[in-house]
Amino acid sequence: MYETIFSPPWFYGIDSLFEVVGIIVTLLIGSYCLRLYSFSKKDTHRNFAVAFFIICASYVLKVLTNYVVYNSVIHQLLMSHAYGDAIAVIKAVRFSQVLFIGGFLLHRFLFLLGLLIMFYVLNHYRNRPNFALHLYFIALATIASYYSYLAYYLTAALFLLLIFSVYFTNYKEKSNTITMLVALSFFTLFLSQLCYIFVIFDLRAYVVGEFLQLAGFIVLLCSYYLLVLKK
Amino acid sequence: MNSRRTRMDIVFDMLRAIQNKGGKIKPTHLMYKANLSHSLMNSYLGELVEKGLVIGETEKTGKMLALTDKGYDFINQFKKMKEFEKAFGL
């Protein structure tokens with residue numbers, strides 16, 4: 001079985017460092033939402049916290065999966081040939097293959113699940129049958145992404161665009177720096193998903209996407225700082 | 001028409017009413033400022049005193065309710081939480 005890696009070789013590991021930033025930011029916001037829930041006992045606060053924790057878990061999985069894959073690739077690079085920027089990796093070790101596929105798919109499913117929950121919370125939806133149906137669709141998108149990565153990135157981009165539209169409306173209503181930063185962060189995350197779609201044409205699109213994703217999380221961190229930490 | 005206040009909103013209104021009066025307030029004034037009935041105010045007040053957010057003091061003018069440092073801190077934390085709620089559309 002062949003797998004392809006979207007990252008150019010010089011970017012191996014750097015994308016994982018970027019994702020650690022995402023892990024930290026989602027963990028901070030999820031924790032604060034949980035604290036909010038401990039005071040308010042509102043389901044929306046708890047569910048929002050759960051959404052961020054799920055996204056955090058998805059990035060942890062991505063970092064771990066990339067670690068396994070990149071280590072394997074580096075080993076293969078030493079032992080075999082490399083073909084330009086796109087490296088075909090032939091997996092001899094079944095365990096790493098299972099780990100890669102399992103981690104890879106679980107990361108995507110969890111990320112979409114986190115976005116789905118966030119979307120439901122922000123739109124104050126409570127319909128459980130609809131949620132189950134949407135859950136089914138994101139599971140389908142995850143499975144489909146194994147054969148075509150576009151299924152995942154398009155779905156994630158759509159969710160992020162819808163979430164951004166809610167925050168943009170929030171910004172228009174409240175018109176302050178923090179609501180602007182929150183809207184901007186989700187717009188940047190949406191743009192990052194769009195970049196990943198063009199990876200098939202140029203691997204540098206992955207690098208651009210990673211930088212945009214990092215920027216999105218840094219902006220989200222700034223809004224967190226202004227809201228929670230700044231006196 | 002405003003939506004019904006949550007429990008935390010009522011607690012915040014009570015503490016803010018005391019803060020706005022310079023940190024000390026008479027129970028009757030608190031009842032009017034926080035827009036509460038006498039029985040409801042007493043039930044919340046018991047909890048606030050128990051949690052150390054408010055203390056009762058006796059002065060020449062009568063019984064007064066004073067905000068503690070913990071109470072001031074709670075007000076700041078609550079304001080931040082409300083801002084977080086608004087910023088993230090919760």
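Since we're looking at a predicted model, the values are computed, not measured. Here the residue index of a chain counts from 1 through its sequence in written order. All chains are assigned letters beginning with A, and all ligands numbers beginning with 1, in the order in which they are written. Local features in this predicted model are restricted to residues whose pLDDT is 70 or higher, and side-chain atom pairs enter the listing and the counts only when it is 80 or higher, whereas totals over whole chains, interfaces and linings include all residues. Side-chain numbers come from the whole structure's heavy atoms, not from hydrogens or water.

Draft legend 1. Layout of the overall build of chain B. For helices the rule is a DSSP run of H or I covering at least 4 residues; for strands it is a run of E covering at least 2, with both sets numbered from the N terminus onward. Looking only at helices and strands, chain B has 4 helices and 3 strands in total. In chain B, the succession of helices and strands from N to C terminus is α-β-α-α-β-β-α. Between the two quantities, the radius of gyration covers C-alpha atoms and the globule rule is 2.2 Å times the number of residues to the power 0.38. At 13 Å, chain B has a C-alpha radius of gyration in line with the 12 Å of a compact globule built from 90 residues. The principal-axis extents of the C-alpha atoms in chain B amount to approximately 45 × 30 × 20 Å.

Draft legend 2. A look at the nonpolar core. The criterion is simple. A nonpolar core is a set of buried Ala, Val, Leu, Ile, Met, Phe, Trp, Tyr and Cys residues joined through side-chain atoms within 4.5 Å. Only protein chains enter the calculation, and the probe is 1.4 Å; a residue is then buried if its accessible area is under 20% of its type maximum, exposed if over 50%, and partly exposed in between. In terms of nonpolar packing, the biggest core is built from 66 residues, with Ile29(A), Phe48(A), Met118(A), Tyr167(A), Phe186(A), Phe84(B) and Phe88(B) touching the most fellow members. Breaking this core down by element, the ones donating at least two residues are helix H1 (14-40), helix H2 (43-79), helix H3 (94-122), helix H4 (128-147), helix H5 (150-174), helix H6 (177-197) and helix H7 (204-229) of chain A together with helix H4 (69-87) of chain B. Of all the elements, H3(A) adds the most residues to this core, at 12 residues. We call two residues contacting when some pair of their heavy atoms lies within 4.5 Å. The residues touching Ile29(A), leaving out its near neighbours within four places in the chain, are Phe52(A), Leu220(A), Tyr224(A), Phe84(B) and Phe88(B).

Draft legend 3. Geometry of unusual backbone geometry. Phi is positive for His124(A), close to 55°, though the residue is something other than glycine. Mapping His124(A) onto the fold places it in the loop between H3 and H4. The phi torsion at Asn35(B) lies on the positive side, around 60°, for a residue other than glycine. With respect to the helices, strands and loops of the structure, Asn35(B) is situated in the loop between helix H2 (27-33) and helix H3 (38-50). For Asn35(B), a relative accessible area of 63% gives the class exposed.

Draft legend 4. The arrangement of the interface of chain B and chain A in detail. Listed by partner, the interface residues are 14 residues for chain B and 26 residues for chain A. In terms of surface lost to chain A, no three residues of chain B exceed Met81(B), Phe84(B) and Phe88(B), which account for 38% of the buried area on that side. Salt bridge, as applied in this entry: a Lys or Arg side-chain nitrogen positioned within 4 Å of an Asp or Glu carboxyl oxygen. Linking chain B with chain A are 1 salt bridge. Its salt-bridge partner being Lys42(A), residue Glu85(B) comes within 3.2 Å of it at the nearest N-O pair. Side-chain atoms alone can form a polar contact between residues adjacent in sequence; in general such a contact is a pair of N or O atoms within 3.5 Å, and within protein one must be able to donate a hydrogen while the other accepts it. Scanning the region where chain B abuts chain A turns up 7 residue pairs in polar contact (both at pLDDT 80 or more). Put simply, Ala, Val, Leu, Ile, Met, Phe, Trp, Tyr, Cys and Pro go in the nonpolar bin, Asp, Glu, Lys and Arg in the charged bin, and everything else, Gly too, in the polar bin. Here the residues of the side of chain B that touches chain A sort into 7 nonpolar, 3 polar and 4 charged. Take the accessible area each of two parts loses on contact, using a 1.4 Å probe, and add the two losses: that sum is the buried area.

Draft legend 5. Seen up close, the pattern of salt bridges. Residues and elements named next belong to chain B. Tallying each qualifying case throughout the model produces 13 salt bridges over all chains. Note that Glu 47 and Lys 51 form a salt bridge whose closest N and O atoms lie 3.2 Å from each other. Note that Glu 85 and Lys 82 form a salt bridge whose closest N and O atoms lie 3.4 Å from each other. You can see Glu 85 and its partner Lys 82 sitting in helix H4, 3 residues apart, about one turn around the helix. Taking the relative accessible area as the measure of exposure, Lys 82 reaches 25% and is therefore partly exposed.

Draft legend 6. Spotlight on a nonpolar patch on the surface. All names here are of chain A. For patches, a residue must show more than 30% relative accessible area and have no salt bridge; joins then use 9 Å for like charges and 5 Å for nonpolar side chains, namely Val, Leu, Ile, Met, Phe, Trp and Tyr. Every accessible area reported is derived by Shrake-Rupley at a probe size of 1.4 Å, with residue values counting cover from the shown protein chains alone. Taken together, the side chains of Val 20, Ile 24, Leu 28 and Leu 221 make up a nonpolar region of the molecular surface, amounting to roughly 270 Å² of accessible area. A per-element tally of the nonpolar patch places H1 first, with 3 residues. Classification of Leu 221 as partly exposed rests on a relative accessible area of 31%.

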